[in-house]
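Residue-level structural notes
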Amino acid sequence: MRRRKSNRMIVSMFLAIILLLSSFLGQSNVSFAVDSVDNLLVNSGFETDFWEDGSWAVETENWDGVDLQHFNYASDEWITPLEGEQAFKYWVKDTATPNQVFTVKQTIESLPAGSYQLSVHSMGGEAAEAGNVTLFAGENKLDPVMTKGYNNWDTLTFSFDLTEEATDFEIGATITGAPNSYGFIDSFNLVSKDNSSQPVEADIFVEKVEGLDNEFIKGVDVSSIISLENSGVEFYNEAGDVQDIFTTMKEAGVNYSRVRIWNDPYDSEGNGYGGGNNDLEKAIEIGKRSTANGMKLLVDFHYSDFWADPAKQQAPKAWKDLSFEDKKTAVYNYTKESLQTLLDEGIDVGMVQVGNETNGAIAGESDWSKMSALFNEGSKAIREIDPNILVALHFTNPETSGRYSSIAKTLDDHQVDYDVFASSYYPFWHGTLDNLTTVLKNVADIYGKKVMVAETSYAYTAKDGDGHGNTAPKNSGQTLNYPITVQGQANSVRDVIEAVANVGDAGIGVFYWEPAWLPVGSDLEQNKLIWEEHGSGWATSYATEYDPHDAGQWFGGSAVDNQALFDFNGQPLSSLNVFKYVDTGAVAPLEIDEIKDISVSANVGEDISLPATVTVIYNDGSEGSVNVAWDQSALAAAIKAGEGSYEIDGTVEGDGAVKAHLQINAKNYVVNSSFENSDRSMWEITYDSETSGYATFQQKASDAKSGEYSLHYYSGEQIDFDVTQKITGLKPGYYSLSMFLQGGDADESDMYLYATTEDQEYKQNTSVNGWVNWSNPEIKEILVLDGTLTIGAKIKANPGAWGTLDNFYLKRTGDYVVDEPEVDPIPDPEEPGTGEGEEPTTPEPGTGEGEPTTPESGVGDVESTTPEPGTSDGEEETELVNASTDKELPNTATTTYNNLIIGLLFIVIGFGFVWRKRKYLKMNS
């Protein structure tokens, strides 16, 4: 505990007197004013003396065991105040035994029924000196949360509901601590979460989205449904009865459906390509069922015979040899005839997409002037059929800086006629929701367009239901900001809806992509037969003729069965109801939704322990901590094994499972090696190109090897830069250096990892080959003698190249030892064969005499030989060159320093020889 300094005593006493007087002056007020319009508590920040005004009550069974204070931040010059000037401070005296418990609380005379959120800020000791804070509101309480260290403020928060008005309702915190534990609490906050309407009781929490229009689109794309039903998949309602899925979705608040249309998704024998075999006939059936259930239909023309997305926009087989003018006519005729057919069937078509994710091509055309002409042909056909039908264009990758503004400007420059700018948004790929709102609002404000999300989804389980494998979750390359649970899935959909609504009136809706693409069975071999027969997997082998490089190699089942809004057996998940709950809000019994695995990194030889608690996420979104019991035998085995990666199982209260991902490393001598710390002054970036500033420390987990930050580069001009760090204080010996690198569009590049000592440079060439395809160059056997090493990476590439660098790692691999050379002794003058004036012999090179010894396994061999052709097996070459001459160094790791030592040794031997010779001559004279 920090003590106030004596030179502050007078000031502190003066402030206390003023505070005391102000308290007495305030006694004439019988009631206390609420701190703000929103906060329902009084004196929530302890700015007035609660001992005097009674705003907070403090209770404990042992007043002698605790020191509880109305604390003035000014009395501690090292503290970081939360807000205001005062706080509540506690200390469990070192004489107290056993643990002490006390409560600070406030009683609210009357609290209406409704949904509320309570929070408080806490800070204090850590480990044995930590306080355990339990936030409570009536009978509702948050699990205890330990303080995490001096000045490390934490926010504790949870939500609760009152079904009827409560009187004399108590809120506050109960704090427990061992002797010498201490802490501070400040800024209690109690707010009503919904002053206009009460949330409905449900199985999940959903926060109401304010300002949603009655016409806001809450849509789903169930294009694969016919093939799934033909494959034997059944769908149920909440009561467990078989029911038309469109009826179930309507009951859940869905008001729009979306269907893709491919021109001819069949081979010459009539075998379907899969993915639902979605031709016009399938669209008619889906459209009829949608209309019968009171939903509008969005028609999604791909203008392809199979999947169209940014990676492939292949023209239909029938259009392959058409001239561009004939292709324009084909787009116009196909759109008009198909749309008219749908309307003739009585289908309520509200919107039509001209193309699907057309970031850079449509129907085989990639020139924007031609693309724009095709967009206008589709739009023209729709306008002529019914001018009230909305025309949408669909793009993706909103996270890419400038993409949507550039596309929208290009469309405007080419006078493309459309109403809705639609975006895909998958939260594990496409950046933040704030960015989504920003880029869509920019298009809406500048170009007067409506905007929406045409595709989104999120996983509710990590399990694979059909043996084909899933697109999410992945261990790298994805940002998973929500738990992989039903509640997490509901939160994701709700937040996407809010992000679009936040655009304003121009934000018209959100579609969930394929919420019913379920497994067709549990046996993989049987599933393959069903996918082939009914096209209920994403692709069949028959698609090879049209798409040989993708579908032809990876055909199979559903990659999104774990992102459905129905479980693997066809039962609706609670998350399906998010489409109606966003209008009212929903509350559920509080329970743990996710237990956060932990990651622990340590160096060999350090004391390694795992935390006593782990973080949990509750289904209302609040966080807490629970006790955990770790597999101590597995932990001990990992520590004994040393360097490596390990998983340690843990069990939390209630039999929940958690894992500790333990990484035991040799010490990394690179400071801030993965750029996570905000102080990056140890890194120097230098540019050899005319432009600069294109290499930046980027916060984007999907582009980082670990953590959230990486060194990102991109430029439309020539790229040529170095990133370096000078490391000092190294113990003489051998080291290895590595890093991770990923990127693309670097057709002409010169990239390498390097390390430089006083007179040597070590270099390892590398390259990039695609997003999150991480290269891991490594330089071994770097000899450091003077304690200093500069490490770095050189990135030189053509304009348009991009990529990220992350996780530099320098570790010590061996000692460097110099043995004194073995020299023949001075021969005895009286021994035969010894003549006057003979010189001592110098060891011949290559005999091992006098050569420095190196560790075993070649650690001391500092030069890598160039592998013979055919023997490298794809490995990159490590080069060792002299920094001044660019010539290869010899196999012995000698320096000027070593030569000097050997020279001095020879001089000493010479003096000894001369002295003995003179002594010999004197004895014989």
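Residues numbered from 1 in each chain as written. Predicted model: local features only at pLDDT ≥ 70, side-chain atom pairs only at ≥ 80, totals over all residues. Heavy atoms only, no water.

**A few points about the overall build of the protein chain**
The cut-off we apply is this: Segments assigned H or I by DSSP are reported as helices when at least four residues long, segments assigned E as strands when at least two residues long, and all are numbered from the N terminus. In this scheme, a residue with accessible area under 20% of its type's maximum is buried, one over 50% is exposed, and one in between is partly exposed, where area comes from a 1.4 Å probe on protein chains only. Contacts are assigned to residue pairs that have any heavy atoms within 4.5 Å of one another. In this description, accessible areas are obtained by the Shrake-Rupley approach with a 1.4 Å probe, and a residue is regarded as covered only by the protein chains that are shown.
If you tally the helices and strands in the protein chain, you get 15 helices and 39 strands. Looking at the 925 residues of the protein chain, the share that counts as buried comes to 50%. Within the protein chain, residue pairs in contact and separated by at least 24 positions form 75% of the contacts whose partners lie at least 6 positions apart. In the form shown here, the protein chain has an accessible surface area of approximately 43,700 Å², with 47% of it arising from carbon and sulfur atoms.

**Brief notes about the nonpolar core**
For the record, the criterion: Among buried residues, the Ala, Val, Leu, Ile, Met, Phe, Trp, Tyr and Cys ones that are joined through side-chain atoms within 4.5 Å form a nonpolar core.
Counting 109 residues, the largest nonpolar core has Phe306, Phe421 and Phe579 as the members making the most contacts within it. The biggest single contributor to this core is helix H10 (residues 486-501), with 7 residues. Setting aside its immediate chain neighbours within four residues, Phe579 contacts Lys218, Gly219, Val220, Ala252, Gly253, Val254, Val493, Ile497, Tyr512 and Leu565. Listed in part, the 55 residues of the second largest apolar core include Ile108, Val120, Phe158 and Ala173.

**Brief notes about the side chain of Thr335**
Note the threshold: Here a polar contact means two N or O atoms within 3.5 Å. Within protein one must be a hydrogen donor candidate and the other an acceptor candidate, and residues neighboring in sequence count only if both atoms are side-chain atoms.
Relative to the assigned elements, Thr335 resides in helix H6 (residues 324-344). Its relative accessible area of 0% is what places Thr335 among the buried residues. In this structure the side chain of Thr335 is engaged in a polar contact, spanning 2.7 Å, whose partner is the side chain of Tyr303. Within polar-contact distance, the side chain of Thr335 engages the backbone oxygen of Val331 at 2.7 Å.

**A look at a negative patch on the surface**
Let me state the cut-off plainly: Patches here are clusters of residues that have more than 30% relative accessible area and form no salt bridge, with a 9 Å joining cutoff for like charges and a 5 Å cutoff for nonpolar side chains (Val, Leu, Ile, Met, Phe, Trp, Tyr). Any Lys or Arg side-chain nitrogen located within 4 Å of an Asp or Glu carboxyl oxygen qualifies as a salt bridge. Within this scheme the basic residues Lys and Arg register as positive and the acidic residues Asp and Glu register as negative, but His and the chain ends are omitted. In this description, the location of a charge corresponds to atom NZ of lysine, CZ of arginine, CG of aspartate or CD of glutamate.
A surface patch of like charges, here negative, comprises Asp203, Glu238, Glu251 and Glu591. Take Glu238: it is sitting in the loop between helix H3 (225-230) and helix H4 (245-251). Given the relative accessible area of 61%, Glu238 is considered exposed.

**Looking at the pattern of salt bridges**
Taken as a whole and judged by the stated rule, the model has 36 salt bridges. For Arg383, the salt bridge goes to Asp419, with nearest N and O atoms at 2.8 Å. One end of the pair, Arg383, is in helix H7 (residues 368-385); the other, Asp419, is in the loop between helix H8 (403-413) and strand S18 (420-424), with 36 residues separating them in the sequence. For the salt bridge of Lys659 with Glu647, the shortest nitrogen-to-oxygen distance reads 3.8 Å. Taken together, the residues span a long stretch of sequence, with Lys659 in strand S27 (residues 656-665) and Glu647 in strand S26 (residues 644-652) at a distance of 12 residues. By relative accessible area, which is 49% here, Glu647 ends up partly exposed. It is possible to trace a salt-bridge network through shared partners that takes in Asp221, Arg258, Arg260, Asp300, Glu455 and Glu514.

**Section: the sheet that holds strand S11 (residues 182-192)**
Selection rule: By definition, two strands form a pair when at least two bridges between them are found by DSSP. Fitted lines through C-alpha atoms give the axes, limited to the stretch in contact for helices. The angle between two N-to-C directions lies from 0 to 180 degrees.
Pairing is antiparallel in the open sheet, where 5 strands are placed in the order S2-S3-S11-S5-S9. Two strands close off the open sheet at either side, each with one partner strand: strand S2 (66-72) and strand S9 (149-162). Pairs of neighbouring strands in the sheet enclose a mean axial angle of 25°, with direction left out of account.

**Things to note about helix H9 (residues 433-447)**
Short version of the rule: Every helix has an expected span of 1.5 Å times one less than the residues it contains.
The end-to-end C-alpha distance of H9 is 21 Å, a good match for the 21 Å that 15 residues give at a rise of 1.5 Å each. Considered for burial, the residues of H9 that qualify are Leu433, Leu436, Thr437, Val439, Leu440, Val443 and Ala444. Buried residues along H9 sit in contact with H8, S18, strand S19 (450-456) and H10. Between the side-chain oxygen of the N-cap and the backbone nitrogen of Asn435 there are 3.0 Å, and the N-cap of H9 in question is Thr432. The positive-phi residue at the C-terminal boundary of H9 is Gly448, with phi of around 65°.

**Brief notes about the sheet that holds strand S14 (residues 256-261)**
Sheet architecture is closed into a barrel: 8 strands sit in the order S13-S14-S15-S16-S17-S18-S19-S20, paired in parallel fashion. For this sheet the average axis-to-axis angle between neighbouring strands, irrespective of direction, equals 25°. Direction of pairing for strand S16 (residues 349-354) relative to strand S17 (residues 390-395): parallel, over a ladder of 3 bridges. By the bridge assignment for S17, Gln353 is matched with Ala392. Its contacts with the sheet place H9 against S18 and S19, and it is angled at close to 140° to S19.

**Points about the side chain of Gln563**
Note on placement: Gln563 falls in the loop between helix H12 (551-554) and helix H13 (578-584). Looking at Gln563, its side chain comes within polar contact range of the side chain of Ser457, at 2.5 Å. Residues within four places of Gln563 in sequence aside, it is in contact with Phe428, Ser457, Tyr458, Ala459, Thr471, Ala472, Gln489 and Tyr512.

**What to know about the environment of Asp348**
Its place among the elements puts Asp348 in the loop between H6 and S16. Judged by its relative accessible area of 32%, Asp348 is partly exposed. Separated by 41 residues in sequence, Asp348 and Ile389 place their C-alpha atoms 9.8 Å apart.

**Observations concerning the packing of H9 against H10**
The condition that has to hold: The labels follow the angle: roughly parallel below 35 degrees, roughly antiparallel above 145, roughly perpendicular from 65 to 115, and oblique for the rest. Crossings are sorted by hand: turned counterclockwise from the far helix by less than a right angle, the near helix makes the crossing left-handed, and turned clockwise it makes it right-handed. Following the grouping adopted for this structure description, the nonpolar residues are Ala, Val, Leu, Ile, Met, Phe, Trp, Tyr, Cys and Pro, the charged ones are Asp, Glu, Lys and Arg, and the polar ones are all others, Gly among them.
At their nearest, the axes of H9 and H10 sit 8 Å apart, and the two run at 30° to each other. In terms of their interaxial angle, H9 and H10 are classed as roughly parallel. Remark: the crossing between H9 and H10 carries right-handed chirality. For the pair formed by H9 and H10, the contact residues are Leu433, Leu436 and Thr437 on the first element and Asp495, Val496 and Ala499 on the second. Its residues placed into classes, the contact of H9 with H10 shows 4 nonpolar, 1 polar and 1 charged.

**Side note on unusual backbone geometry**
For the peptide bond that leads from Thr97 to Pro98, omega is -5°, which places it in the cis range. Within the secondary structure, Pro98 sits in the loop between strand S3 (86-92) and strand S4 (100-111). Geometrically, the link from Ala472 to Pro473 is a cis peptide bond, its omega value of 0° lying close to zero. Assignment of secondary structure puts Pro473 in the loop between S19 and H10. Even without a glycine there, the phi angle at Ala127 is positive, about 55°. Looking at where Ala127 falls in the secondary structure, it is placed in the loop between strand S5 (114-124) and strand S6 (131-137). Positive phi outside glycine occurs at Glu357, with the angle close to 50°. Its place among the elements puts Glu357 in the loop between S16 and H7.

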